[in-house]
Amino acid sequence: MTGTPYRLLLAALILPLGGGAQAFEGGTSAYLKGFRDFMSGYLPQEPGLSLREDIYVYGGRNERTLLSGRLQLQLDTQVIANIVRPTFVTPWTILGANYGVALSWAQPNIALEGQLQTPLGTVGNAGERFGIGDVALSPIVLGWHAGSWHMNAAFAVYLPVGDYDVARTINAGNNYWAVSPQVGVTYFDPQTGWDLSVATVYVTSWENPATRYESGDALHVDFAVGKQVSSNLKLGIVGYGLWQVSDDAGAGARLGPNRARVYGLGPALTYSFKVADTPVSILGKYYREFGERNTFVGNSGTISVSVRF
């Protein structure tokens, strides 16, 4: 694997979670932090459908942020989301790579507590809403393979189709478009069982027309280091970094540039098996966040089930 594909070694095929408390306008990026982990540079070589479903839980705190154009202070959030992500690998190749398409769709339940502001003023210190989140579509996913090295490159479009009403403080959708070039690389040696993976995602967002707020560009880096300790079990650590690399803008950006940053680190494991002849993998991971600036900081846990048809 030489030439142009190798020069793309940055990181991962990834899709986001939409949510009113999950945008830079609301404290962090449209992309779900740490979504990629083990084998993040690997796209299956054989044509077929893969399906991953995540149960994601996050609890965090932000001293101040804007939701639906209104300032919220000393804000605590609890998010529980179901995220469904199918990936279809076609029989075709492009530039020597397997070609696939993917999408991601989230259904979050978001609970907030703090000094919540609404169009009627401060009406209480807590609120909760379940809704349909935005959809992330990747019409281009390319995967290259060379021995123990695997790499993919993708382009995602975040579609603002989730539940959103500017009159509400809590929304499941973000109400803005975004695009994201993504690259991933994995080194996996079947002999030693080591998996070294890294994922890089760059997110550019458009203005939210309801609030006149344009979130700045975001750079995400996810990584995982794991070792296959048996034919079924892999143990390791996972982590991520989020850096906002351009200022928030627009008439609604009343907190100024508001550049965000946060890191996460924690343990992870996968257990793989077959049901009849169908490969199944269960992933568990936990992140503890630190080093935050202008964003939520807390802890998250995910249980994922992946099936390859």
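Predicted model only: the values in this text are computed from it and were never measured.

What counts and what doesn't
- Residues numbered from 1 in each chain as written.
- Predicted model: local features only at pLDDT ≥ 70, side-chain atom pairs only at ≥ 80, totals over all residues.
- Heavy atoms only, no water.
- Phe/Tyr/Trp six-rings, centres within 6.5 Å; stacked < 30°, edge-to-face > 60°.
- Helix = DSSP H or I, 4+ residues; strand = E, 2+ residues; numbered from the N terminus.
- Buried < 20%, exposed > 50% of the residue type's maximum accessible area, 1.4 Å probe, protein only.
- Core = buried A, V, L, I, M, F, W, Y, C linked by side-chain atoms within 4.5 Å.
- Contact = heavy atoms within 4.5 Å.
- 1 Å grid on protein atoms, 1.4 Å probe; cavity = no way out; pocket = protein on both sides within 12 Å on 5 of 7 lines; lining within 4 Å.
- Points joined across faces, edges and corners; volume = space filled by probe spheres on them.
- Nonpolar A, V, L, I, M, F, W, Y, C, P; charged D, E, K, R; others polar.
- Polar contact = N/O pair within 3.5 Å; in protein donor to acceptor, adjacent residues only side chain to side chain.
- Salt bridge = Lys/Arg side-chain N within 4 Å of Asp/Glu carboxyl O.
- Patch = residues over 30% accessible without salt bridge, like charges linked within 9 Å, V, L, I, M, F, W, Y side chains within 5 Å.
- Areas by Shrake-Rupley, 256 points an atom, 1.4 Å probe, with all protein chains shown as cover.
- pLDDT = per-residue confidence, 0-100.

Take the packing of aromatic side chains next. Here the structure, examined in full by the defined rule, presents 6 aromatic pairs. Aromatic pair Tyr240 and Tyr287: ring centres 4.8 Å apart, planes at 55 degrees, arrangement tilted. Of this pair, Tyr240 sits in strand β12 (residues 233-244) while Tyr287 sits in strand β14 (residues 278-293), placing them 47 residues apart in sequence. Under the relative-accessibility criterion, Tyr287 is labelled buried at 1%. Arranged with centres 5.9 Å apart and planes meeting at 35 degrees, the rings of Tyr271 and Phe273 form a pair that is tilted. Given the relative accessible area of 41%, Tyr271 is considered partly exposed.

Here we come to the nonpolar core. Grouped together as the largest cluster of nonpolar side chains are 31 residues, with contacts concentrated most on Tyr31, Tyr56, Ile83, Tyr158 and Val203. Looking at this core, the elements that each hand over two or more residues are β1 (48-67), β2 (70-94), β3 (97-115), β10 (194-205), β11 (218-228), β12, β13 (261-275) and β14. At 4 residues, β2 tops the list of elements feeding residues into this core. Leaving out residues up to four positions away in the same chain, Val203 has contacts with Ser29, Tyr31, Tyr158, Ala178, Val179, Ser180, Asp217, Ala218 and His220. Within the second largest apolar cluster, 7 residues are counted, among which are Tyr99, Leu142, Ala153 and Val183.

Further remarks concern the layout of surface pockets. Its boundaries defined by the atoms lining it, the largest pocket holds a volume of some 1,000 Å³. Taken together, 29 residues make up the lining of the largest pocket; nearest its centre are Met39, Tyr42, Ser272, Ser281 and Ser306. Elements with a contribution of two residues or more to the lining of the largest pocket: β1, β2, β13, β14 and β15 (297-308). The residue makeup of the lining of the largest pocket, split by class, is 13 nonpolar, 9 polar and 7 charged.

Attention shifts here to the side chain of Ser50. The residue Ser50 is located in strand β1 in this model. Judged by its relative accessible area of 17%, Ser50 falls in the buried class. A polar atom in the side chain of Ser50 sits 3.2 Å from the side chain of Arg308. Residues contacting Ser50, with those up to four places away along its chain left out, are Pro44, Arg85, Pro86, Thr87, Val307 and Arg308.

Turning to empty space enclosed by the protein, a few remarks are in order. With the rule as written, the count across this model stands at 4 cavities of 30 Å³ or more. Approximately 40 Å³ is the volume found for the second largest cavity. In terms of lining residues, the second largest cavity is bounded by Leu32, Lys33, Gly34, Phe35, Arg52, Asp54, Tyr56, Lys285, Tyr287, Ser300 and Thr302. When contributions to the lining of the second largest cavity are tallied by element, the ones reaching two or more residues are β1, β14 and β15. Considering every element that reaches the lining of the second largest cavity, the biggest residue donor is β1, with 3 residues. Residue classes in the lining of the second largest cavity are distributed as 4 nonpolar, 3 polar and 4 charged.

Right, let's talk about the pattern of salt bridges for a bit. Pairing is possible between side chains that carry opposite charge, provided their charged atoms lie close to one another. Evaluated as defined, the whole model comprises 8 salt bridges. Put simply, Arg212 and Glu207 hold a salt bridge, and the shortest N to O gap is 3.6 Å. Exposure remark for Arg212: the relative accessible area of 45% places this residue in the partly exposed category. In this structure, Asp247 engages Arg259 in a salt bridge whose closest nitrogen and oxygen atoms are separated by 2.6 Å. Of this pair, Asp247 sits in the loop between β12 and β13 while Arg259 is found in the loop between β12 and β13, placing the two residues 12 residues apart along the sequence. Through salt bridges with shared partners, a single network forms among Asp37, Arg52, Asp54 and Lys285.

A few words now on a nonpolar patch on the surface. Together, Ile55, Val57, Ile80, Tyr271, Ile282, Ile303 and Val305 line one region of the surface with nonpolar side chains, adding up to about 570 Å² of accessible area. Elements with a contribution of two residues or more to the nonpolar patch: β1 and β15.

Let us look at the confidence of the model for the chain. Scored by pLDDT, the chain has a mean of 86; 83% of the residues are at 70 or more. Here residues 1-23 scores under 50 on pLDDT; set against residues more than four positions off or in separate chains, the count is 112 contacts.

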